[in-house]
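Take a look at the letters that make up each chain.
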Amino acid sequence: MADVIPFDQRSGSLWYDGKMVPWTDAKTHVLTHGLHYGSSVFEGERIYGGTIYKLKEHTARLFKSAEVLGMTIPFTQDQISAACIEAAQAQNIKDGYIRPVVFRGSEMMAVSAQNTKIHVAIACWPWPSYFSPAEKLKGIRLEISKWRRPAAETEPVHAKAAGLYMICTLSKHAAEAEGWHDALMLDYRGQLAEATGANLFLVKDGVIHTPTPDCFLNGITRQTVMALAAKRGIKVVERAMFPEELATAEEIFITGSAAEVTAVGQIADHHYTVGPITRQLRDDYEALVRQPAKSQAA
Ligand code: PMP
């Protein structure tokens, strides 16, 4: 990873608490509540040809996630959306990734943090592909994680909250250590859930099946791809799904703002081809995100 510039050492500027600041000056104190107690929510958005895809939806989810964690963002949704555009323009990025993050500050340092300031930062950087093009072509390889998505009574599962990613990083690190690209996570009931940063779809007999998102994010890309499938007349069934179904699936793919539509070539001992439905939806998604903003509704 020698060629990767550390994220705190990049040039340019980013948006921090209401204004653009030099990138390397965007610092926060080590006694920040968000760092110690996970009081942080964030977004991951892609910009294609100078337009942030589904910007309003991402901003709305950021506010919803913050609300779930009891944090009131001291800006309007329009201000945050405008700030995302400003952060991308400042870096002159037409194709890349936007990361808004909201977190509690350092005014209090204990479980109770009622009077902490709510900070917002937004940075943009180039990020061509979440998985390498070669991996995407053959289909990525997933191991099944030992970590399980928690129940809705255990964690705020519908927020894109930093704390929920603890088990994602553990799962992905364990998978990478053994040569896999990513991990598939089951949920607390042992049902199929999602990958560490993307939603899951199985294809069988020309029908798409996807787990009901009752304990993980109902991804914006997931919803887009379901609409794209419907437009093609492909049936999509959302239901409880079980690991045994991996043995009979014909195609598998995952979706996410970063991952886009990525074919899966292997999960544990099961192998899959990059089939026609995956290819169709990947192409449809690629075409959609590059359309002018007004005609992007899937
Ligand atoms: N699940 C997890 C855990 C994720 O991190 C993401 C990416 N945000 C998704 C699903 C997909 O969500 P979206 O399509 O909204 O990016």
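Located above this text is the structure these notes cover.
Residues numbered from 1 in each chain as written. Predicted model: local features only at pLDDT ≥ 70, side-chain atom pairs only at ≥ 80, totals over all residues. Heavy atoms only, no water.

## Examining the site of the ligand
No. 1: Neighbouring the ligand are 14 residues, the closest being Tyr165, Glu194, Ile220, Thr221 and Ser257.
No. 2: Measuring from an oxygen atom of the ligand, one finds a side-chain N or O atom of Arg61 at 2.7 Å.
No. 3: Here Glu194 contributes a side-chain N or O atom positioned 2.6 Å from a nitrogen atom of the ligand.
No. 4: With the chains in place, 95% of the 380 Å² that the ligand exposes on its own is no longer accessible.
No. 5: Elements supplying a minimum of two residues to the shell around the ligand: helix 6 (220-231) and strand 14 (251-256).
No. 6: A breakdown of the residues in the shell around the ligand according to their chemical character gives 3 nonpolar, 8 polar and 3 charged. (Near = heavy atom within 4 Å. Polar contact = N/O pair within 3.5 Å; in protein donor to acceptor, adjacent residues only side chain to side chain. Areas by Shrake-Rupley, 256 points an atom, 1.4 Å probe, with all protein chains shown as cover. Helix = DSSP H or I, 4+ residues; strand = E, 2+ residues; numbered from the N terminus. Nonpolar A, V, L, I, M, F, W, Y, C, P; charged D, E, K, R; others polar.)

## Details of the pattern of salt bridges
No. 1: What the rule picks out here adds up to 15 salt bridges.
No. 2: The salt bridge involving Glu43 is made with Arg61; its shortest N-O contact spans 2.8 Å. Remark: Arg61 occurs in helix 2 (residues 55-68) and Glu43 occurs in the loop between strand 3 (40-42) and strand 4 (45-48); sequence separation between them is 18 residues.
No. 3: What makes Glu43 buried here is its relative accessible area of 0%. (Salt bridge = Lys/Arg side-chain N within 4 Å of Asp/Glu carboxyl O. Buried < 20%, exposed > 50% of the residue type's maximum accessible area, 1.4 Å probe, protein only.)

## Some points on the packing of aromatic side chains
No. 1: Applying the stated criterion to the full structure yields 10 aromatic pairs.
No. 2: Between Tyr48 and Tyr53, the aromatic rings sit 6.5 Å apart at their centres with planes inclined by 80°, giving edge-to-face as the arrangement. The residues Tyr48 and Tyr53 share a single accessibility class, namely buried.
No. 3: Among the aromatic side chains, those forming a connected cluster through ring pairs are Phe7, Tyr97, Trp125, Trp127, Tyr130 and Phe131.
No. 4: Above the plane of the ring of Phe7 lies Arg10, whose end atom (NZ or CZ) is 3.9 Å from the centre.
No. 5: The side chain of Arg141 reaches across the aromatic face of Trp180, ending 4.7 Å from its centre. (Phe/Tyr/Trp six-rings, centres within 6.5 Å; stacked < 30°, edge-to-face > 60°. Lys NZ or Arg CZ within 6 Å of the ring centre and 35° of its normal.)

## Comments concerning helix 3 (residues 77-90)
No. 1: The terminal C-alpha atoms of helix 3, which comprises 14 residues, lie 20 Å apart, in line with the 20 Å expected from a rise of 1.5 Å per residue.
No. 2: For helix 3, the complete set of buried residues consists of Ile80, Ser81, Ala83, Cys84, Ala87 and Ala88. Considered in projection along helix 3, the buried side chains sweep an arc of 155° and stay on one side of the axis. Opposite the packed face of helix 3, turned more than 90 degrees from it, sit the exposed residues Asp78 and Gln89.
No. 3: Phi for Asn92, located one or two positions after helix 3, is positive at around 55°. (Expected span 1.5 Å × (residues − 1). Arc of directions from axis to C-beta.)

## Here's the deal with empty space enclosed by the protein
No. 1: According to the stated counting rule, one finds 1 cavity of 30 Å³ or more in the structure shown.
No. 2: Space inside the largest cavity adds up to approximately 30 Å³.
No. 3: Arg46, Tyr53, His58, Thr221, Ser257 and Tyr285 together form the lining of the largest cavity.
No. 4: When the residues that make up the lining of the largest cavity are grouped by side-chain class, the tally is 2 nonpolar, 3 polar and 1 charged.
No. 5: Shared between two domains, the lining of the largest cavity takes at least three residues from each, and those domains are domain 1 (10-125) and domain 2 (133-290). (1 Å grid on protein atoms, 1.4 Å probe; cavity = no way out; pocket = protein on both sides within 12 Å on 5 of 7 lines; lining within 4 Å. Points joined across faces, edges and corners; volume = space filled by probe spheres on them. Domains from an automatic or database assignment.)

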